[in-house]
Amino acid sequence: MSPQPQAAVGAPLSRVDGRLKVTGRAKYAADHKPDGPDGVVHAVVVDSGIARGRITGIDTGAAEAEPGVLKVIHHRNAPTLPYGPNPGSLNLPGQRLRVFQDDQVHFHGQPVAVVVATTLEAAQHAASLVKLDYAVEPSETDLAEAPATGDPVTYTRGDAEAALQSADVRLEMTYRPARNHHNAMELHATVAQWDGDRLTLWDKTQWVQSPRAELAANFGIPAANIRVVSPFVGGAFGNAARAWPHLTVAALAARETGHPVKLVLTRRQLYSGVGYRPAYEYKVRLGSDRRGQLSAMTHELRGETSRYERFSERGVLAPGQMLYTTPHVSQTYRTVALDVNTPTPMRGPGYSTAAFPIESAMDELAHELGIDPIELRRRNEPENDQASGRPFSTRRLRECYTVGAREFGWSRRDPRPRSTRDGDRLIGTGMATAVYDTLRAPGQAGVRLDADGTAVIESSTSDMGPGTYTSMTQVAADALGLTVRNVTFRLGDTNMPTAPLHGGSLTMASVGSIVQDGCDKVRQQAIRLAVEDEDSPLSGADPDTVVVRGGRLHLKDDPARGETYRRLLARNDLTRLEAMGSWTPGQSRSSMYAYGAVFAEVAVDARLGLVRVRRMLGVFDAGRIISPKLADSQAIGAMVGGIGMALLEHTVTDHRDGRIVNANLADYLVPVNADVTGLKAIYVEGRDDEADPLGVKGLGEVVVVGVAPAIANAVFHATGRRVRDLPITAESLL
Ligand code: MOS
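About the cut-offs
Along each chain, residue indices are assigned from 1 in the same order as the chain's sequence is written. Totals for whole chains, interfaces and linings use every residue, but because this is a predicted model, local features are given only for residues with pLDDT of at least 70 and side-chain atom pairs only at 80 or more, for both listing and counting. With hydrogens and water excluded, all non-hydrogen atoms of the structure serve as input to the side-chain values. Any residue under 20% of the maximum accessible area for its type is buried, any over 50% is exposed, and the rest in between are partly exposed; the area is computed with a 1.4 Å probe on protein chains only. Secondary structure elements follow DSSP: runs of H or I no shorter than four residues count as helices, runs of E no shorter than two count as strands, and numbering proceeds from the N terminus. Only strands joined by at least two bridges in the DSSP assignment are considered to pair. Orient the strands so they point away from the viewer; a crossover is then right-handed if the path from the first strand over the helix to the second runs clockwise. Interaxial angle, 0 to 180 degrees, is taken between N-to-C directions of lines fitted to C-alpha atoms, where a helix line uses only the stretch in contact. Here is the rule for angles: anything less than 35 degrees is roughly parallel, anything more than 145 is roughly antiparallel, 65 through 115 is roughly perpendicular, and the remaining ranges are oblique. It is the rotation of the near helix from the far one that decides the hand of a crossing: anticlockwise by less than a right angle makes it left-handed, clockwise makes it right-handed. Residues count as neighbours in contact if any of their non-hydrogen atoms are within 4.5 Å of one another. Side-chain classes follow a simple rule in which Ala, Val, Leu, Ile, Met, Phe, Trp, Tyr, Cys and Pro form the nonpolar group, Asp, Glu, Lys and Arg form the charged group, and the remainder, Gly included, forms the polar group. All domain edges in this entry derive from an automatic or database-based domain assignment. When two components associate, each loses some accessible surface as probed by a 1.4 Å sphere; the sum of these losses over both components is called the buried area. A side-chain nitrogen of Lys or Arg and a carboxyl oxygen of Asp or Glu constitute a salt bridge if their distance falls within 4 Å.

**Notes on the pairing of strand E10 (residues 198–203)**
With five of six residues buried, E10 lies mostly within the body of the structure. Sheet topology places strand E9 (residues 189–195) next to E10; six bridges connect them, and they run antiparallel. Across the sheet, residue Trp194 finds its bridge partner in E10, namely Leu199. A loop of two residues connects E9 with E10, the two strands running antiparallel in sequence, and Gly196 in this loop sits at a positive phi of about 65°. When E10 meets strand E11 (residues 226–229), the two strands line up parallel, connected through four bridges. Within E11, the residue paired with Thr200 across the bridge is Arg227. Viewed along the sheet, the connection from E10 through helix H5 (residues 209–219) into E11 turns out right-handed.

The following block contains the structure:
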């Protein structure tokens, strides 16, 4: 088949759903109003006020006496739920939290009851009247104090201990990135409605298959009985990939009261109701020669998890295995079970955590040896993936360094810490490398071309913010030869063909290739129809010479000879052409990652210790860029998130009782407009044809990965102070 002209892909399109969003017509989970005579009733979760122990008493009398209250459900009156096995999207060892099934409390903020009432206000007030008594047991929530549990995950290459002993230069540092919460704008919300033994959920989710599988297992009903609808998601960053306990609470409340139930977690409840990026202690030892050639690196990690599930993430080990030429590597990754709720992936999962110690350590080594940090990284650039022994499919990291250094003005840098001032402010610049796995997964998409020359494509993927609606429309428009205006992409419904999890930066590569496949099939059907139709101007033409543009099929080399989809379908009495798109990634012979080089300039108030990021530049090798405007939205948004990780974000727990003390957006600090200026992203040219038919490597994660260490390195350069704990606070610089 002749390659299609590319008109929509590569164009800086605005979001096709932008107007719906800014006019408030996009319906998020909590906006949904079920049909039916009595509308929806409201559920408010009562959560535990202790971190560990037993519920010894529950008094619901006052709550139940409130006007409008329909029911208060808790472990003493809740039905036993089957809670069958469900590996879920994370497949964690352990046993997931079972709501209202016993008197045990595993963490502060655990759902222990739910109040259902006809109005939200009645439910909220009644929830405050539920009285709980506990037998409190001592809790441990401090990663620094608790022992590791279970066998560590280890990785060994060569003999790191021996290599360290014989190295010219040895460094040893421990870094402590803080616990972070995703804090998306949209609260977690679900509307649950039963119809006999069929359940419909309007839910905030990154993957409609996830709540479906979870509730099927929890209630012991077939997955086919459950429909999940999630057309819009107001940000997620990873914490809507898994189905959290409040979903079961909502479905249970709906079943027990016989009404459709709306349950919205409060901002405070998000800090224990859904997961978070776990805190880590990450000890690095590295050995190198005087020229900066690494011989050995050891990585000893401790990461927090809950007592009931063991959360670990592969991504926290990957960069230490493959980013730099290192003959001898030893990694030991221990999880520490605490009286907390279970962590979950958060943007750039694992990689963004590991990049902080590794990229800080490289900066420390560069300083120690008096070598430029970029030059140090170039000297350790591997020729292949030393962990797998495989060649890289594409790795344009050197180009990222070159372009980044030039655009950022790196050569003007005086490498001496504390060498540059601007009035009272110390100015510093720093850089870091970014890397993230190119993940791909199989799935399907339905494609329909209607007789009016418009197309509808459906796949049960999600759009948590990257712009799936838009990018898929672009891919479909070019593959079908339609204008973007004539293509509608739909997502977020289990009734649609199954898509993979919307996470891990795999959606563009995977769903994009799936959509393209389905559209290619429909276009080819139309071309075949035309060349075999004696009444078509294309009759008898070689199908491989026909392209479609603006809804019109024509010979590639003779655009005058052709006709529109509309004419072709009308003449053949067809109301539509349809196909199912699919793609399954093959076994890869190569090592596939996206890369980047991130540069930051900071100004540190010498007397107050306040850090301000003055400008940042990210240069990314993410393969082909489908949608440049959306790519910028991803990259700039990630820099904002990375500024948060570096300078502001820290979930603080009172270890006396396990309560999170800053569970709100006034005390949990995130960057706001005044914190953010001068952010820019550049994408180095090039596709990765081994990765997927579209040639993309995934962008949404790699863009956050190097941000925090680039800022930390800039702070060191500005102040001469090396801060190894995140976030870097004013106190740590005074
Ligand atoms: Mo992302 S942490 O893979 O949703």
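Once you've had a look at it, read on.
**As for the pairing of strand E21 (residues 546–549)**
Where E21 lies against strand E22 (residues 552–555), four bridges are found, and the strand directions are antiparallel. Following the sheet pairing, Val547 is matched in E22 by His554. Linking E21 back to E22 in an antiparallel pair, the connection comprises two residues, with Gly550 at a positive phi of about 55°.

**Quick notes on the packing of H5 against helix H6 (residues 245–257)**
At a closest axis distance of 10 Å, the pairing of H5 and H6 adopts a crossing angle of 55°. Between H5 and H6, the crossing angle belongs to the class labelled oblique. When the axes of H5 and H6 are compared, the crossing they make is right-handed. Contacts between H5 and H6 involve Pro211, Leu215, Asn218 and Phe219 from the former and Leu247, Thr248, Ala251, Leu252 and Arg255 from the latter. For the contact of H5 with H6, the residue count by class is six nonpolar, two polar and one charged.

**Regarding the packing of helix H12 (residues 468–480) against helix H13 (residues 507–531)**
Between H12 and H13, the shortest axis-to-axis distance is 8 Å and the interhelical angle comes to 30°. By the angle between their directions, the pair H12 and H13 is classed as roughly parallel. Both H12 and H13 take part in a crossing whose hand is right-handed. For the pair H12 and H13, the contacting residues are Thr468, Ser471, Met472, Val475, Ala476, Ala479 and Leu480 in the first and Thr507, Met508, Val511, Gly512, Val515, Gln516, Cys519, Asp520, Val522 and Arg523 in the second. Residues that form the contact of H12 with H13 fall into these classes: 10 nonpolar, five polar and two charged.

**Some words on the sheet that holds strand E25 (residues 593–605)**
Strand order in the open sheet formed by five strands is E16-E17-E25-E26-E29, and the pairing between neighbours is mixed. The sheet is open, and its two borders are formed by strand E16 (421–422) and strand E29 (679–683), each paired with just one other strand. Each of strand E17 (425–437), E25, strand E26 (611–621) and E29 touches helix H11 (residues 397–408); the most contacted strand, E25, lies at about 30° to it. Contacting E17, E25 and E26, helix H17 (residues 707–719) crosses the sheet at an angle of about 155° to E17.

**Looking at the sheet that holds strand E18 (residues 443–450)**
What the four strands build is an open sheet, ordered E20-E19-E18-E24; its pairing is mixed. Here the strands that pair on one side only, and so sit at the sheet edges, are strand E20 (487–490) and strand E24 (576–583). The average undirected angle you get between the axes of adjacent strands in this sheet is 15°. Relative to E20, strand E19 (residues 455–458) is paired through four bridges, and the arrangement is parallel. Residue pairing for E20: Ala455 is matched across the bridge by Val487. Docked against the sheet, H12 engages E18, E19 and E20, running at close to 135° with respect to E20. Packing against the sheet, H13 makes contact with E18, E19, E20 and E24, and its axis sits at approximately 145° to E24.

**Considering the domain arrangement of the protein**
Along its sequence, the protein is organised into domain 1 (18–25 + 441–583), domain 2 (34–139 + 185–235 + 240–273) and domain 3 (280–439 + 589–733). Summarising the inter-unit geometry, the C-alpha centres of domain 2 and domain 3 are found 37 Å apart. Listed by partner, the interface residues are 22 residues for domain 2 and 23 residues for domain 3. Note on domain 2 versus domain 3: buried area summed over both sides is about 1,800 Å², and carbon and sulfur give 59% of it. Considering only the side of domain 2, the residues that lose the most area to domain 3 are Leu92, His108 and Tyr271, jointly responsible for 32% of the buried surface there. Seen at the junction of domain 2 and domain 3, the total is two salt bridges. Taking the shortest distance from any N to any O, the salt bridge between Arg242 and Glu309 comes out at 2.5 Å.

**Remarks on unusual backbone geometry**
The omega angle of the peptide bond from Leu726 to Pro727 is -5°, so this bond is cis rather than trans. Topologically, Pro727 is positioned in the loop between H17 and helix H18 (730–733). Even without glycine at this site, Arg418 takes up a positive phi of about 65°. Checked against the element boundaries, Arg418 lands in the loop between H11 and E16. On the basis of relative accessibility, which here comes to 47%, the residue Arg418 falls in the partly exposed class.

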